[in-house]
Amino acid sequence: MKDEFFGSDDQRALLRRGRGMAAVLGQNQRYSYYGRTVGLPGPEDGDIDHLAALATVQGSATYLTVPLNQVEDIKASIEARGLVPMVYDKWEGARSALAAARQLVATLSLPEDLTMVQLDASTSDGHVASLAEMALGCGVLPPCGEVLRGLLRPAVCLVAMDRSSKVVSCAASSACAHKDHPRHGGQAWWGMLATDPARRGQRLSVVLGAQALLEMETRFGFGDFMTGVEPGNAPSEVICARLGLSRGSFAIIGCTDPRALASGRMTK
Ligand SMILES: CC(C)(COP(=O)(O)OP(=O)(O)OC[C@H]1O[C@@H](n2cnc3c(N)ncnc32)[C@H](O)[C@@H]1OP(=O)(O)O)[C@@H](O)C(=O)NCCC(=O)NCCS
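Note that this is a predicted model, so its numbers are computed, not measured.

(A) The sheet that holds strand β5 (residues 167–175), seen in detail. Strand order in the open sheet made by the 8 strands is β1-β8-β2-β7-β6-β5-β4-β3, with mixed pairing throughout. At either margin of the open sheet sits one strand with a lone partner, and together these are β1 (60–67) and β3 (115–118). Taken over all neighbouring pairs, the strand axes of this sheet differ in orientation by 25° on average, direction set aside. Relative to strand β7 (residues 225–229), strand β2 (residues 84–93) runs antiparallel, the two being bridged by 5 bridges. Within β7, the position partnered with Glu-92 by the bridge is Met-226.

(B) Region of interest: the nonpolar core. The biggest cluster of nonpolar side chains holds 32 residues, and the ones touching the most others in it are Leu-110, Trp-190, Leu-213, Phe-225, Leu-243 and Leu-245. The set of elements that each furnish at least two residues to this core consists of α4 (95–107), β4 (155–161), β5, β6 (188–195), α7 (204–220), β7 and α8 (234–242). Here this core gets 9 residues from one element, more than from any other, and that element is α7. Not counting the four nearest positions on each side in its chain, Leu-243 is found in contact with Ser-96, Ala-97, Ala-100, Ala-101, Leu-104, Trp-190, Val-206, Gly-209, Ala-210 and Leu-213.

(C) Molecular detail of the pattern of salt bridges. Across all of its chains, the model carries 15 salt bridges by this definition. Across the salt bridge formed by Glu-112 and Arg-163, the nearest N and O atoms sit 3.6 Å from each other. Pair noted here: Glu-112 is in the loop between α4 and β3 and Arg-163 is in the loop between β4 and β5, with a separation of 51 residues, a long-range link. Three or more residues are tied together by salt bridges with common partners; here these are Glu-4, Asp-125 and Arg-149.

(D) Region of the structure containing the packing of α4 against α7. Where α4 meets α7, the axes come as close as 9 Å, and the angle between the chain directions of the two elements is 120°. Judged by the inter-axis angle, α4 sits oblique to α7. For the crossing formed where α4 meets α7, the hand is left-handed. Here α4 contributes Ala-97, Leu-98, Ala-101, Arg-102, Leu-104 and Val-105 to the contact with α7, which in turn contributes Ala-210, Gln-211, Leu-213, Leu-214 and Glu-217. Broken down by class, the residue content of the contact of α4 with α7 amounts to 8 nonpolar, 1 polar and 2 charged.

The rules behind each value
Residues numbered from 1 in each chain as written. Predicted model: local features only at pLDDT ≥ 70, side-chain atom pairs only at ≥ 80, totals over all residues. Heavy atoms only, no water. Pairing = 2+ DSSP bridges. Helix = DSSP H or I, 4+ residues; strand = E, 2+ residues; numbered from the N terminus. Axes fitted to C-alpha atoms, helices over the stretch in contact; angles between N-to-C directions. Core = buried A, V, L, I, M, F, W, Y, C linked by side-chain atoms within 4.5 Å. Buried < 20%, exposed > 50% of the residue type's maximum accessible area, 1.4 Å probe, protein only. Contact = heavy atoms within 4.5 Å. Salt bridge = Lys/Arg side-chain N within 4 Å of Asp/Glu carboxyl O. Parallel < 35°, antiparallel > 145°, perpendicular 65-115°, else oblique. Left-handed = near helix turned anticlockwise from the far one by under 90°. Nonpolar A, V, L, I, M, F, W, Y, C, P; charged D, E, K, R; others polar.

Structure below.
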């Protein structure tokens, strides 16, 4: 297990515990993991006590698919246990996402001073540190290094690097539920979009995001993607829509133990 975790002391401890839990539970198809903490694909995989137990052990845990009519009950149940709920809209896209990605990649490219790099086992620690610093500066917590480098699960992390080897934008995608999960095994998580404020508006996110989707299809055969967006995060919503994802009838609900993470949230 490579010790490559990011963020504040609390965030690094959370990611380290998540990685440990993934080693313990990763073979069990009722759990999901994409490099932050082990969670549950949905309430049918474990009830609220189960989610709360995962959050208590790790500091945070997530239901990835909650029907909208259950959101208020689940929020209240999380709060009743002294834990903090965080509700995101679940944006999803399958064929529409790949079609949009293909069209974007055919028409857009990175500015010529930037190079696209895919992380792998040989990526230098300095480049990964530059990615983490930029993403964290944007409020986005990167998954653990083993996932970003594609060493643990089918996963892709792309960065745009300037001529001084500084990372100025990033996107990632990873397997999420267990591959044998009956409903969600074929759906990958996609996200970790962040762009250095000095380079925003240059289409870096759409280009990297589109390439990440296509790479997940080409290398691992994924054809269905999802991400969580905080309601009101306008740039994120615009990018998801540009990439053929849409908001459906599900939410993603995070459950965080404020004793482990004082802010009550793991990432943006
Ligand atoms: C979201 C973020 C990654 C966008 O990065 P970016 O590289 O500037 O985005 P792009 O230039 O690729 O923009 C893509 C589209 O979003 C639109 N967009 C970008 N910022 C926007 C804003 N603030 N409001 C509305 N639309 C916006 C662009 O106009 C573009 O649409 P278009 O192609 O139709 O013109 C960046 O703002 C960021 O790092 N935000 C903080 C972290 C964050 O919220 N990440 C998402 C977590 S879910």
